[in-house]
Amino acid sequence: MVRILALGSNSGGQLATCDTKDRHHAAVCSFEPGSDSVAEDAGAWAVCGGGNHAFLWFSDGRELFGCGYNGNGELAVSSDATWRELRWRRVELPDGCEAVRKVACGWSHTLLLGSNGRVYAAGSGEFGQLGTGTFSSSSGWTQLAADATASTRFIDIACGLRHSLLLAADGSVYACGANRKGQLGDAALGAKVAVPVCVSRGLPPIAMVACGRAHSLMVAADGITVFAAGDDRFAQCGPVDDSLLKHPEALSWRQFRLPRRARKLCAGWEFGAVLTVPPEDQQQQQEKKGGGTVLMWGRVDNGQLGCELSLNGAARMRRSVEPVPLDYVMDLACGSNHVVAVTQEQKVYAWGWNEHGNAGDPSLRDVRYPQPIALCPSAAVDADADADADADACQPSAPALSIGCGYGNTYVCI
């Protein structure tokens, strides 16, 4: 049986553990009555979270569940629902959408990319981050403003704290939402934008997008060239010419090059990360097939970059793109200030900010280097929990099938 485990911040019930207590050890998530059997399906689930809400969907995209805070409608459930869901609750797909391709979560808004190439939004729209043409919130799935995207087929989405990026099939990128720091790639658009606008004109085709709190990252189709815009106080926009260092924001797209091609891009609040393709000599080794390296830059004072730096002055950040000391990484997920990775051996590692136990250390101290997360909740349940009830939850060193992050929490499918 497939199990979904969660740990970290839980103030909105986003861990789906039937309460709002933080979890400092991996805990088994619960489904609403009548939905427990879905976890019996073999195969991978995908999961992602925002400020205090999260979504879970099966690999075929036909099963979608949400949990956590719903005060802004970010779970897209019916209006008679409570303001938070403490278990995974089934969420209906938008009209005309047969399957989910991806879900992305901001602080209090959600984007859903359907298999039909359309994007749907729910939750807070105060900054235009829903892309619906208004600054209103929505408690149900709403399509993007038709006049801007009616004929556009999208293939990827990303959410920042209060802004959104949409990657089209032709390699162009659309953006909406908060733009006070220039995070939409063009400060001239104004402080907030409600209608998605193409922000990649003049750039080569884009293959990947990611959002931090108030910055945006894109990787070109060559897998090497990175474009960055927005808040740059912690070097989250990467290496730049010395003449630009005096500017705390990148008000238009800057660019730099990676030392190796990227196969996945993600961002935390003030850092960036890429998972690279494996080197050619590694690809030729059957026992090491598929694993890559994690490259990172940006804020470092909570261990976000997986390395130790003295905390004086500029050492709160690092502009150079450097590898994390972890080999053969298969997947990568970024929270607000922590990172989770799964290796070829299906072991899960985490590092960074750990105030809620979200980086896997129950001491709640920040994790400066990649450390394995124990995936055996039966060995570390809360004192008031029923240990016998969780005894069959998993075996020690259970292999991970997939991983995901909310802003202050971690999810693992085993």
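Computed from a predicted structure; not experimentally measured.

A.B. asks: Go over the environment of S59 with me, naming the residues and quoting the values.
C.D. replies: Take S59: it is sitting in the loop between β4 (53-58) and β5 (64-69). Take S59: its relative accessible area is 56%, and that puts it in the exposed class.

A.B. asks: Give me the packing of aromatic side chains: which residues, what numbers.
C.D. replies: All chains considered together, the criterion is met by 12 aromatic pairs. Ring geometry for F154 against Y174: centres 5.7 Å apart, planes inclined by 85 degrees, an arrangement best described as edge-to-face. Residue F154 is found in strand β11 (residues 154-159), and its partner Y174 is found in strand β13 (residues 173-178); the two are separated by 20 residues along the sequence. Just as F154 is buried, Y174 falls in that class too. Aromatic pair W269 and Y407: ring centres 5.5 Å apart, planes at 80 degrees, arrangement edge-to-face.

A.B. asks: Break down the layout of surface pockets for me, citing the residues and quoting the values.
C.D. replies: Roughly 940 Å³ of volume is contained in the largest pocket. Elements with a minimum of two residues in the lining of the largest pocket: β3 (45-49), β7 (100-105), β11, β15 (206-211), β19 (262-268), β23 (329-334) and β27 (402-405). With six residues, the single largest contributor to the lining of the largest pocket is β19. In terms of residue class, the lining of the largest pocket is built from 30 nonpolar, eight polar and seven charged.

A.B. asks: Give me unusual backbone geometry: which residues, what numbers.
C.D. replies: The phi dihedral of Y328 is positive, around 55 degrees, even though this residue is not glycine. In this fold, Y328 is placed in the loop between β22 (317-323) and β23. Under the relative-accessibility criterion, Y328 is labelled partly exposed at 23%. In this model, L364 sits at a positive phi of 70 degrees, which is unusual for a non-glycine residue. As for its placement among the helices and strands, L364 is situated in the loop between β25 (348-352) and β26 (367-372).

A.B. asks: Tell me about the sheet that holds strand β8 (residues 109-114), and name the residues and values.
C.D. replies: Strands pair in a sheet through their backbones, by hydrogen bonds, and they do so in one of two ways: parallel or antiparallel. Pairing within the open sheet is antiparallel, and its four strands lie in the order β7-β8-β9-β10. Both edges of this open sheet fall to β7 and β10 (138-143), since each of them pairs with a single strand only. For this sheet, the mean inter-axis angle between neighbouring strands, taken without regard to orientation, is 15 degrees. Where β7 meets β8, five bridges bridge the pair, whose relative direction is antiparallel. In the sheet register, V100 faces β8, and the bridge partner there is G114.

A.B. asks: Can you tell me about the pattern of salt bridges, naming the residues and giving the values?
C.D. replies: The tally for this structure, following the rule as stated, stands at 13 salt bridges. One salt bridge connects R89 with E85, and the closest N-O pair in it is separated by 3.0 Å. Two residues, R213 and E270, come together in a salt bridge whose shortest N-O distance is 2.3 Å. Taken together, the residues R213 in the loop between β15 and β16 (215-220) and E270 in the loop between β19 and β20 (271-276) connect sequence positions 57 residues apart. Residue classification places R213 among the partly exposed positions, given a relative accessible area of 28%. For E270, a relative accessible area of 1% corresponds to the buried category. The network of salt bridges with shared partners includes R213, E270, R299, D301 and R316.

A.B. asks: Quick rundown of the state of the cysteines? Include the residues and the values.
C.D. replies: Evaluation of the coordinates by the stated rule reveals one disulfide. Here C266 is linked by a disulfide to C334, with a sulfur-sulfur distance of 2.2 Å. With C266 in strand β19 and C334 in strand β23, the pair connects residues that are 68 residues apart, well separated along the chain. On the accessibility criterion, C334 (14% relative accessible area) is buried. Cysteine C18 remains unbridged, with the sulfur of C29 as its closest cysteine sulfur at 9.4 Å. Not engaged in a disulfide, the cysteine C176 finds its nearest cysteine sulfur in C159; these two sulfurs lie 8.6 Å apart. The buried category is assigned to C176, whose relative accessible area is 1%.

Conventions adopted
- Residues numbered from 1 in each chain as written.
- Predicted model: local features only at pLDDT ≥ 70, side-chain atom pairs only at ≥ 80, totals over all residues.
- Heavy atoms only, no water.
- Helix = DSSP H or I, 4+ residues; strand = E, 2+ residues; numbered from the N terminus.
- Buried < 20%, exposed > 50% of the residue type's maximum accessible area, 1.4 Å probe, protein only.
- Phe/Tyr/Trp six-rings, centres within 6.5 Å; stacked < 30°, edge-to-face > 60°.
- 1 Å grid on protein atoms, 1.4 Å probe; cavity = no way out; pocket = protein on both sides within 12 Å on 5 of 7 lines; lining within 4 Å.
- Points joined across faces, edges and corners; volume = space filled by probe spheres on them.
- Nonpolar A, V, L, I, M, F, W, Y, C, P; charged D, E, K, R; others polar.
- Pairing = 2+ DSSP bridges.
- Axes fitted to C-alpha atoms, helices over the stretch in contact; angles between N-to-C directions.
- Salt bridge = Lys/Arg side-chain N within 4 Å of Asp/Glu carboxyl O.
- Disulfide = S-S within 2.5 Å.

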